[in-house]
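# Overview (structure and organization)
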Amino acid sequence: MSLAIRFWTLVVNVLCIPMHIIKAVGLYEGYKRVFPFCLQRISVTYNKKMHERKSELFRSLSEFIKPGGKLTILEIGCGTGTNFEFYPPGSKVICTDPNPHFQKYLDKSMKQNDHLNYDRFVVSSGEDMASVGDESVDVVVCTLVLCTVRDIPQTLREVHRILRPGGAFFFLEHVVADPSTWSYFFQHVLQPAWYYFGDGCEATRETWKYLEAVGFSELKLRHIEAPLIFIIKSHIVGYAGTSKVFQGKMQSCLMKFCRLVCLAMSTPLYLLHFIGLRGMYKRVFPFLAYNITFSYNDKIHKLKRDLFRNLGRFANADGTLRLLEIGCGSGANFRYYPFGCTVICTDPNPHMEPYLRMSMEANKHLTYDEILVLSGEDMREVQDESVDVVVCTLVLCSVNNVGKVLQEARRILRNGGALYFLEHVVSDPSTWTYFCQYVFEPLWYLIGDGCLVTRATWKDLEAAGFAELHLKHIEAPEVSLMIRPHIMGYSVK
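## Let's talk about the overall build of the chain
When helices and strands are counted, the chain shows 15 helices and 14 strands. For the chain, the C-alpha atoms occupy an extent of roughly 75 × 60 × 35 Å along the three principal directions. The buried share of the chain, reckoned over its 493 residues, is 48%. Partitioning the contacts of the chain with sequence separation of at least 6, the portion at a separation of at least 24 is 76%. Charged side chains of the chain number 53 positive and 50 negative; the gap between the two group centres comes to 4 Å.

## Some thoughts on the pattern of salt bridges
Tallied over the entire structure, the rule returns 19 salt bridges. The partner of Asp388 in a salt bridge is Arg414, and the shortest N-O contact between them spans 2.6 Å. Here Asp388, found in strand β11 (residues 387–393), pairs with Arg414, found in strand β12 (residues 413–424); they are 26 residues apart in sequence, far enough to count as distant. Residue Asp388 is classed as buried on the basis of its relative accessible area of 5%. Salt bridges linked by common partners bring Lys92, Asp119 and Arg120 together as one network.

## Description of the sheet that holds β11
Pairing within the open sheet is mixed, and its seven strands lie in the order β10-β9-β8-β11-β12-β14-β13. Every other strand in the sheet has two partners, leaving β10 (367–372) and β13 (468–475) as the edge strands with one partner each. Averaged over neighbouring strand pairs, the angle between their axes works out to 15 degrees when direction is ignored. Packing against the sheet, helix α12 (residues 353–362) makes contact with β9 (342–346) and β10, and its axis sits at approximately 175 degrees to β10. Helix α13 (residues 402–412) contacts β8 (322–325), β11 and β12 of the sheet and is inclined by roughly 145 degrees relative to β12.

## Observations regarding a nonpolar patch on the surface
On the surface, Leu10, Val14, Ile17, Ile21, Ile22, Val25 and Leu27 cluster together to form a nonpolar patch covering roughly 640 Å² of accessible area. Elements supplying a minimum of two residues to the nonpolar patch: α1 (2–15) and α2 (17–24). With three residues, α2 is the largest single contributor of residues to the nonpolar patch. Mapped onto the elements, Leu10 comes out in helix α1.

How each quantity is defined
Per-chain numbering applies: the sequence of each chain, read as written, is numbered from 1 onward. Per-residue local features of the predicted model are confined to residues with pLDDT of at least 70, and side-chain atom pairs are confined, for both listing and counting, to 80 or more; whole-chain, interface and lining totals are unaffected and use all residues. Heavy atoms from the whole structure form the basis of all side-chain values; hydrogens and water molecules are not counted. Strands are runs of DSSP state E lasting at least two residues, helices are runs of H or I lasting at least four, and both sets are numbered from the N terminus onward. Accessibility here uses a 1.4 Å probe with only protein chains present; expressed as a share of the type maximum, an area under 20% marks a residue as buried, one over 50% as exposed, and anything in between as partly exposed. By the convention used here, residues are in contact when the closest approach between their heavy atoms is within 4.5 Å. The charged-residue count follows a simple rule in which Lys and Arg add positive charge and Asp and Glu add negative charge, with His and chain termini not counted at all. For this purpose, a charge sits on NZ of Lys, CZ of Arg, CG of Asp or CD of Glu. What counts as a salt bridge is simple: a side-chain nitrogen of Lys or Arg found within 4 Å of a carboxyl oxygen of Asp or Glu. Between any two strands, pairing holds if DSSP finds at least two bridges. Interaxial angle, 0 to 180 degrees, is taken between N-to-C directions of lines fitted to C-alpha atoms, where a helix line uses only the stretch in contact. Within this analysis, patches are made of residues with over 30% relative accessible area and no salt bridge. Like charges are joined at 9 Å or less; nonpolar side chains (Val, Leu, Ile, Met, Phe, Trp, Tyr) at 5 Å or less. Accessible areas in this description were obtained via Shrake-Rupley with a 1.4 Å probe; residue shielding takes into account the shown protein chains only.

Spelled out as C-alpha cells, the structure:
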C-alpha cells in the first residue's frame, strides 16, 4: 500500500501544479476572501451531523465557571461562529481567527446567538495570541483548527499560557485514519488537493500525540468515527485541564506521602531483595503466576480472542507461521494461536519451564521450536528477520528498557511481520486508579517480580519506528484496579 500511496500522491501533486504556481506567485490569497463563504455553507451541514457530539462535548463547560463569576471563553479559529449555540447563557466570548474576512459571517452568528456576551474579535493565529493576557480565560475552544495551524505545539503552549489554573481546553479535530483503512489511503493521496480546498487543512495529522505531549495535568480524549465524508471521518474529541495550583500541590503532596508510607512498610521486603534473597522468590513466582493466569485469562478471554484473531494474515505464502513470544511465562496465550503455528518461547526466569511444558502438553495443535532463557532486551540468539510474529503480553511492564525490547522485536521480525501486544498501563492522572497505582507501586513491584504499573507504554510503541501501529486503550473487565487500564493492538514492520 505504501508504494501505491506514493505513486497516486505524485499523480495528484502533478494535477495540482497550477495551484502550486498560483500559491507561489501570491494569488492564492484571493481564495481567502471566498473561503469564509464556502465554510459558512459547509458548517451548517457539519453542525447538523455533529450536533449530538458537540452537545455532549460542551455540556460540561459550566463546570469551569469561577465561583460567583461568569464563564470567559476564547475560541481559536472561530470561523463563522458555528459553536456559539452550544455555549452556556451569559458566557463572555473572545473570538480569534487569522482570516479577517470571517467578520461578516461572525457578526451574523453573534446576532443569532444573543444569549452570549461578545468581548472582541482578534485577528491572530493560534501560534501568536500576544494580545490576550496570561491566565485570563476559563476555557479555550478549538474545533477543526489544529489541522491548519503551522505549529501545533506552539498553539498549545499559547493555550496553556492564557488559561487560568483550573481552566480547560476543549477540542474536536479530524485526524489521520487507521493505516489499514481506505480512508488512510485517500487522506494521503488527496492531501495535495485538499490542502488548497481547505485553506491549508492537513488531513494526515496525528493531533492526539501533540495533546498527550504538551503537559496538561488532565487529558480526556476519545477517538470517534464522525458521520462525515471519508477524508475527515476520523476525529478526536475531549478536553484537557490545567491544574488548580493549590489543589494540585495538595494532591501531589498526599500521593507522595502515601507512597512514602507504602515504601516504609515494604522495607523488610526490599532488605531481602538487596541481600540477594530475591532469587528464592523467583522460584515461587512461576507457581503464583501460573495460578493467577487462569483467572486473568477467564476475564480477558474475549479481548485476547479478538486480538489474536487475525494472526494468520502474517503467515508465509506456504501457510507457515513462525511466532516468538517474549516473556511467555506459563504459556497462557498458546490456546489463541492458529493451528500448526511454530512457537519459540523466551523468558528470563528458568523456573517457568515446568509450567510452560504443562501448557505445551495441553496445546498440541502447535509446534514448539525451542525454549530460550533470555530477556527481551537481549535476544541475540534469535537471528535477524527470522520470525513472522512477535507476541508480548503483560511483559513491557517489567522489562528494564522498553525501547530496547521494541528494537529487538523489530530486528527479529521479517519485513511485513507484526508485534502483537496486550499490556496494562498507567491510568488517567485524574482518577483514583492512578492514585492507587502511584502509591502502591513500591509494594506491587516486589510482589509482581519487577512489575511497574505507572508506565505509559503506548508512547514507547509510538516512538519505536514501526511502519504501522494499530493501538487502542481499553478498561480490562473485572481485573484488579491496579492493572485495569490496558492497551492492545499490533505494530507492523
